[in-house]
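Residues per chain, in single letters:
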Amino acid sequence: MVLQDVFEEMMQYEAYRAHKSILLYVPPFLVVIGSIGNLLSLVIMTRKPMRKLSTYNYLAVLAITDTLVLYIGLLRLWVGALTGKEVHDHAVWICKLINVLGYTVSDYSVWLIIAMTVERWIAVCMPLKAPSMCNRRRAALVIMGVLALLFAINLHFFWTTEIRHYRTSGSIQQQCDSGESFEKLNKLVWPWVDAFIYSFFPFVVILSLNGLIIHNVVLSKKKRHGLTAGSGASWVNKNSAKPRNQRSSHSESSTKLTVMLLTISFTFLLTTLPMNVLLIVKAFITQGTAPMRIAAKMTLARTITELLMYFNHSMNFFLYCATGEKFRQQLLLLVCRGRAQTNPNVRW
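Residues numbered from 1 in each chain as written. Predicted model: local features only at pLDDT ≥ 70, side-chain atom pairs only at ≥ 80, totals over all residues. Heavy atoms only, no water.

*Asks:* Is there a simple way to think about the overall build of the protein in this case?
*Replies:* The helix and strand inventory of the protein stands at 13 helices and two strands. Classification of the 348 residues of the protein by burial places 39% in the buried group. For the protein, long-range pairs separated by at least 24 residues make up 76% of all intrachain contacts whose partners lie at least 6 apart in sequence. On the protein, roughly 19,900 Å² of surface is accessible, and the fraction owed to carbon and sulfur atoms is 65%. (Helix = DSSP H or I, 4+ residues; strand = E, 2+ residues; numbered from the N terminus. Buried < 20%, exposed > 50% of the residue type's maximum accessible area, 1.4 Å probe, protein only. Contact = heavy atoms within 4.5 Å. Areas by Shrake-Rupley, 256 points an atom, 1.4 Å probe, with all protein chains shown as cover.)

Structure below.
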């Protein structure tokens, strides 16, 4: 059965028609919202008060990476659904480049979250080692090192993908696909390798470290509460009050940052879990007597889980606003300064 006949038969099923409709209307919304949000996040994360902390360096790079994911992956899906032609089908170099960059930036976004989670785990659970291990220089090395590693892992697409030609009813169409010698690698082996890199391993690491972070934060709060209750009747001189207030302020600031990063990482887990489940279900599903009907439903399920994944790359700005007090302060200063420059007569 030629490709055109397959598409025509699939269009008979409501699930497949729903998949087509979702791809037409949801992606542009996510791309626009994500682009604006990520741009604002990048501007705020690179402001002078934010650059002092290495965590915000990770978040600035994450904003750039998430935008690339939206444009290389989601925008391409939308253009394909809108025009019926995939961008990477037009030339060999586009085919190879989009595959390498698409996989690299998607993986990179996730591993930046892992790096931030590891850094926050060190800061919360090993505070004495944090100053030497969690700094801007080390963050820069991690950012560049992880990018180089992931690019090297996905570099094989320059050799394993090509433009292949398929006969449809009355014509021959070209499609970006695996090379004939690499079909088993790209279609059977690599989906599991990529799932391990993008989803399975990050899921376990982030969930485990978040559990340790939460446990340590709760334990620290109980200890501080016990010390406060035990020393409530004791006399505190003026010289010791200020350092204690400073320590309390620093601890509160650290806790707020921890809450923001936990929210980001848990959101990643929630938005990628359905994709993991679908991959496992798809591997073990029995096709039965109506493979086209099952294929249509699986296509719809994949579209929903994939858009949920892209939703994660477009919503971090709103998570920062909801959970990051320092981020909100810098956003307010940015907006107020912009309005003051527009209208000098307004006083803030």
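*Asks:* Help me understand helix α5 (residues 92–125), please; the structure alone is not making it clear to me.
*Replies:* Because each turn of an α-helix spans 3.6 residues, side chains separated by three or four positions end up pointing in the same direction. A rise of 1.5 Å per residue sets the reference length of α5, with its 34 residues, at 50 Å; its end C-alpha atoms lie 49 Å apart and thus fit the reference within 8%. Burial analysis of α5 places 24 of its 34 residues in the buried class, which makes it a mostly covered element. (Expected span 1.5 Å × (residues − 1).)

*Asks:* What am I meant to see in the environment of Asp177 here?
*Replies:* The topology assignment puts Asp177 in strand β2 (residues 171–178). Using a relative accessible area of 13% as the deciding quantity, one classes Asp177 as buried. For Asp177 and His165, which are 12 residues apart along the polypeptide, the C-alpha to C-alpha distance reads 9.4 Å. Each residue touching Asp177, except ones within four places of it in the same chain, is listed here: Cys95, Thr160, Thr161, Glu162, Arg164, Tyr166 and Lys187.

*Asks:* Would you mind going over the state of the cysteines with me for this structure?
*Replies:* Formally, a disulfide is one covalent bond, and it connects the sulfur atom of one cysteine to the sulfur atom of another. Within the structure shown, the criterion is met by one disulfide. Here Cys95 engages in a disulfide with Cys176; their sulfurs sit 2.0 Å apart. Here the disulfide of Cys95 and Cys176 is right-handed, its torsion about the S-S bond being about 70 degrees. One end of the pair, Cys95, is in helix α5; the other, Cys176, is in strand β2, and 81 residues separate them in sequence. Judged by its relative accessible area of 0%, Cys95 is buried. The exposure class of Cys176 is buried, given its relative accessible area of 10%. (Disulfide = S-S within 2.5 Å.)

*Asks:* Explanation requested: a nonpolar patch on the surface in the structure shown.
*Replies:* Residues Trp93, Leu97, Leu101 and Phe151 make up a contiguous nonpolar surface patch of about 380 Å² in total accessible area. By residue number, the principal contributor to the nonpolar patch is α5, which donates three residues. Looking at the secondary structure, you find Leu97 in helix α5. By relative accessible area, which is 31% here, Leu97 ends up partly exposed. (Patch = residues over 30% accessible without salt bridge, like charges linked within 9 Å, V, L, I, M, F, W, Y side chains within 5 Å. Salt bridge = Lys/Arg side-chain N within 4 Å of Asp/Glu carboxyl O.)

*Asks:* I keep staring at the pattern of salt bridges and nothing clicks. Help me out?
*Replies:* When charged atoms on two side chains of opposite charge get close, those side chains can pair. The full count for this structure, using the stated rule, is five salt bridges. Note that Arg76 and Glu86 form a salt bridge whose closest N and O atoms lie 3.6 Å from each other. Placement of the pair is Arg76 in helix α4 (residues 54–83) and Glu86 in the loop between α4 and α5, with a sequence separation of 10 residues. The exposure class of Glu86 is partly exposed, given its relative accessible area of 24%.

*Asks:* Looking at this model, I keep getting lost on the packing of aromatic side chains. Mind explaining?
*Replies:* In this description, an aromatic ring pair is defined by two values, namely the gap between the centres and the angle between the planes. Inspection of the entire model under this criterion finds 10 aromatic pairs. Here the aromatic rings of Phe196 and Phe201 are separated by 5.6 Å at their centres, their planes lie at 35 degrees, and the arrangement is tilted. Residue classification places Phe196 among the partly exposed positions, given a relative accessible area of 47%. Measuring from ring centre to ring centre gives 5.2 Å for Tyr320 and Phe327, while their planes differ by 55 degrees; the resulting arrangement is tilted. (Phe/Tyr/Trp six-rings, centres within 6.5 Å; stacked < 30°, edge-to-face > 60°.)

*Asks:* Teacher, can you tell me more about the packing of helix α2 (residues 14–45) against helix α12 (residues 316–323) here?
*Replies:* Between two packed helices, what matters for the description is the angle formed by their axes and the separation of those axes. Where α2 contacts α12, the axes come no closer than 8 Å and their chain directions differ by 55 degrees. Looking at the two axes, α2 sits oblique to α12. Between α2 and α12, the residues in contact are Ile33, Gly37, Leu40, Ser41 and Met45 and Phe317, Phe318 and Tyr320, respectively. The class makeup of the residues in the contact of α2 with α12 is six nonpolar, two polar and no charged. (Axes fitted to C-alpha atoms, helices over the stretch in contact; angles between N-to-C directions. Parallel < 35°, antiparallel > 145°, perpendicular 65-115°, else oblique. Nonpolar A, V, L, I, M, F, W, Y, C, P; charged D, E, K, R; others polar.)

*Asks:* How should I be thinking about the side chain of Ser54 in this particular structure?
*Replies:* Inspection of the secondary structure puts Ser54 in helix α4. Accessibility expressed as a relative area gives 4% for Ser54, which makes it buried. When residues no more than four places from it in sequence are discounted, the contact partners of Ser54 are Glu119, Cys134, Asn135, Arg136 and Ala139.

*Asks:* Before we go on, may I ask you to explain the nonpolar core in this structure?
*Replies:* Side chains that are nonpolar tend, in soluble globular proteins, to be buried together. Ranked by internal contacts, the top residues of the largest apolar core, which has 49 residues, are Met45, Leu59, Met260 and Tyr320. When sequence neighbours within four positions are dropped, the list of residues in contact with Leu59 reads Met45, Met116, Met260, Leu261, Ile264 and Tyr320. Residues Tyr13, Ala15, Tyr16 and Ala296 belong to the second largest nonpolar core, which totals six residues. (Core = buried A, V, L, I, M, F, W, Y, C linked by side-chain atoms within 4.5 Å.)

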